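Here are the chains, one letter per residue:
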Amino acid sequence: PLLPLIRSHARRAHLVFDTVDLHHLREQREAEVSGDAAQQRTAERTRRVELGLIGKADTTWVVSPMEQALLATELPNARVEVVSNIHDVHGPGLPFEQRSGLLFVGSYRHPPNVDAALWLAREILPQVRALLPDVVLHLVGADAPDEVLALGQLPGVKFHGFVADLLPLLEGARVGVAPLRYGAGVKGKVNQSLAHGQPMVATACAVEGMHLVHGQDVLVADQADAFAQEVVRLY
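Counting starts from 1 at the beginning of each chain's written sequence and moves along it residue by residue. Whole-chain, interface and lining totals are the exception, using all residues; otherwise, since this is a predicted model, local features are given only for residues with pLDDT of at least 70 and side-chain atom pairs are given and counted only at 80 or more. Values shown for side chains rest on all heavy atoms present in the structure; no hydrogens or waters enter the calculation.

**Side note on the overall build of the chain**
Numbering of helices and strands starts at the N terminus; helices are DSSP runs of H or I of at least 4 residues and strands are runs of E of at least 2. For the chain, the count of helices and strands is 9 helices and 9 strands. Projected onto its principal axes, the C-alpha positions of the chain cover 60 × 40 × 30 Å. Type-normalised accessible area, obtained with a 1.4 Å probe on protein chains alone, sets the label of each residue: buried when under 20%, exposed when over 50%, and partly exposed for intermediate values. Across the 235 residues in the chain, those meeting the buried criterion constitute 44%. Sequence separation of 24 or more characterises 63% of the internal contacts of the chain that already satisfy a separation of 6 or more. Each accessible area is a Shrake-Rupley result for a 1.4 Å probe, and residues are judged covered by the shown protein chains and nothing else. Total accessible area on the chain is roughly 12100 Å²; 54% of this is exposed by carbon and sulfur atoms. We call two residues in contact when some of their heavy atoms are within 4.5 Å.

Structure (structure tokens):
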């Protein structure tokens, strides 16, 4: 709704739309996971609005070449540039043998993080703890709904909520996990862990657009049992 106003008052301005992630792609993937027809309709409405704005902006920024390629098929005449996440590379943290536990980080205002935390704690962690009974999962993030808060009552789960300084967990937890079943863009939780020397197990969705290679940069699995096996293998 602001676009006509901006164009009328700043006629010579070059307008850049910074997408952060493609919202309609994230919503479409959520609808595919849930099978919810109403969510599918919402995703289609978002797609129309988002592509309309991209078509009217002078330049659009996306965070990965994957999203750039997607828009090239949808809007071949749009100018779309990749401006990805930037993270400082820190030291390697504690030696691997001095680290313990698993770390999941995410704001729970973001639906993909709620879904991931529930799937992780309820379906993946029990399989991990069947082989590594002492492993603790650290859930970090603000604005958790009641269903995520309740995960802290499960065996082996420690719910931290908002943490002012993540450094001790990034440098001290042995394995970072990113079991995102849907989403879009480039995932800051993956960038952040790798930048601190923390190895990751993630879904294909979580490492999308980052040129990470399974078995070399990260371990990738999309099913609960396979994800648990990769966590145990890495741990």
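So that's the structure; there's more coming.
**A closer look at the environment of Leu 3**
Considering the arrangement of structural elements, one finds Leu 3 in helix 1 (residues 3-9). The spatial distance from the C-alpha of Leu 3 to the C-alpha of Leu 53 is 8.3 Å, given a sequence separation of 50 residues. In this view, Leu 3 contacts Leu 15, Leu 53 and Lys 56; residues no more than four positions away in its chain are not counted.

**Brief notes about the packing of aromatic side chains**
The geometry of two aromatic rings is summed up by the distance between their centres and the angle between their planes. Under the pairing criterion, centres of Phe, Tyr and Trp rings, with the six-membered ring standing for Trp, must be within 6.5 Å; the plane angle then separates stacked pairs below 30 degrees from edge-to-face pairs above 60, leaving the rest tilted. Using the criterion set out here, one finds 2 aromatic pairs in the structure. Summarising the aromatic geometry, the rings of Tyr 108 and Phe 159 are spaced 6.3 Å apart at their centres and angled 40° between planes, so their arrangement reads as tilted. Of this pair, Tyr 108 sits in the loop between strand 4 (102-105) and helix 5 (111-131) while Phe 159 sits in strand 6 (residues 157-161), placing them 51 residues apart in sequence. The class for Tyr 108 is buried, based on a relative accessible area of 4%. A relative accessible area of 24% places Phe 159 in the partly exposed class. When the NZ atom of lysine or the CZ atom of arginine is within 6 Å of a ring's centre and also within 35 degrees of its normal, the charge is said to sit over that ring. Cation over ring: Arg 174 sits above Phe 96, and NZ or CZ is 4.7 Å from the ring centre. The aromatic ring of Tyr 235 is capped on one face by Arg 174, whose charged end is 4.8 Å from the ring centroid.

**Things to note about the side chain of Thr 59**
Within the secondary structure layout, Thr 59 lies in strand 2 (residues 59-62). The term polar contact refers here to a pair of N or O atoms within 3.5 Å; inside protein, the definition further demands a hydrogen-donor-capable atom paired with an acceptor-capable atom, and it admits residues adjacent in sequence only when both atoms are side-chain atoms. A polar atom in the side chain of Thr 59 sits 2.6 Å from the side chain of His 14. Excluding residues that lie within four positions of it along the chain, Thr 59 makes contacts with His 14, Leu 15, Val 16, Phe 17, Arg 79 and Glu 81.

**Quick look at the pattern of salt bridges**
By convention in these notes, a salt bridge is any Lys or Arg side-chain nitrogen within 4 Å of a carboxyl oxygen on Asp or Glu. On inspection of all chains with the given rule, the structure shows 9 salt bridges. The salt bridge partner of Arg 26 is Asp 21, with a shortest N-O separation of 3.2 Å. In this structure, Arg 26 and Asp 21 share a single accessibility class: buried. Arg 47 is paired through a salt bridge with Glu 44; the nearest N and O atoms lie 3.6 Å apart. With Arg 47 and Glu 44 both in helix 3 (residues 37-56), this residue pair falls 3 residues apart, about one helical turn. Through salt bridges that share partners, Glu 44, Arg 47 and Glu 74 make up one connected network.

**Notes on the sheet that holds strand 4**
Any two strands between which DSSP finds at least two bridges are classified as paired. Taken in spatial order, the 6 strands make up an open sheet running 6-5-4-7-8-9, and their pairing is parallel. Either end of the sheet is taken by a strand with one partner, and the two such strands are strand 6 and strand 9 (219-220). As paired elements, strand 5 (residues 137-140) and strand 6 share 4 bridges and run parallel to each other. If you follow Val 140 over to strand 6, its bridge partner there is Gly 161. For every element, the axis is a line fit to its C-alpha atoms; helices are fit only across the contacting stretch, and the angle between N-to-C directions ranges from 0 to 180 degrees. Contacting strand 4, strand 7 (175-178) and strand 8 (200-202), helix 8 (residues 188-195) crosses the sheet at an angle of about 160° to strand 8. The strands touched by helix 9 (residues 224-234) within the sheet are strand 4, strand 7, strand 8 and strand 9, with strand 8 carrying the most contacts at an inclination of about 175°.

**Quick look at the packing of helix 5 against helix 9**
Two elements in contact, helix 5 and helix 9, have axes separated by 9 Å at closest approach and are oriented at 50°. Classified by the interaxial angle, the pair formed by helix 5 and helix 9 is oblique. Crossing geometry of helix 5 relative to helix 9 is assigned as right-handed. Here Trp 119, Glu 123, Ile 124, Gln 127, Val 128 and Leu 131 of helix 5 come into contact with helix 9, specifically with Ala 224, Asp 225, Phe 227, Ala 228, Val 231 and Val 232. Across the contact of helix 5 with helix 9, the residue classes tally to 9 nonpolar, 1 polar and 2 charged. Our angle categories are set so that under 35 degrees counts as roughly parallel, over 145 as roughly antiparallel, 65 to 115 as roughly perpendicular, and the remainder as oblique. Each crossing is labelled by how the near helix is turned from the far one, with a counterclockwise turn of less than a right angle marking it left-handed and a clockwise turn marking it right-handed. Asp, Glu, Lys and Arg are counted as charged, while Ala, Val, Leu, Ile, Met, Phe, Trp, Tyr, Cys and Pro are counted as nonpolar; the rest, among them Gly, fall into the polar class.

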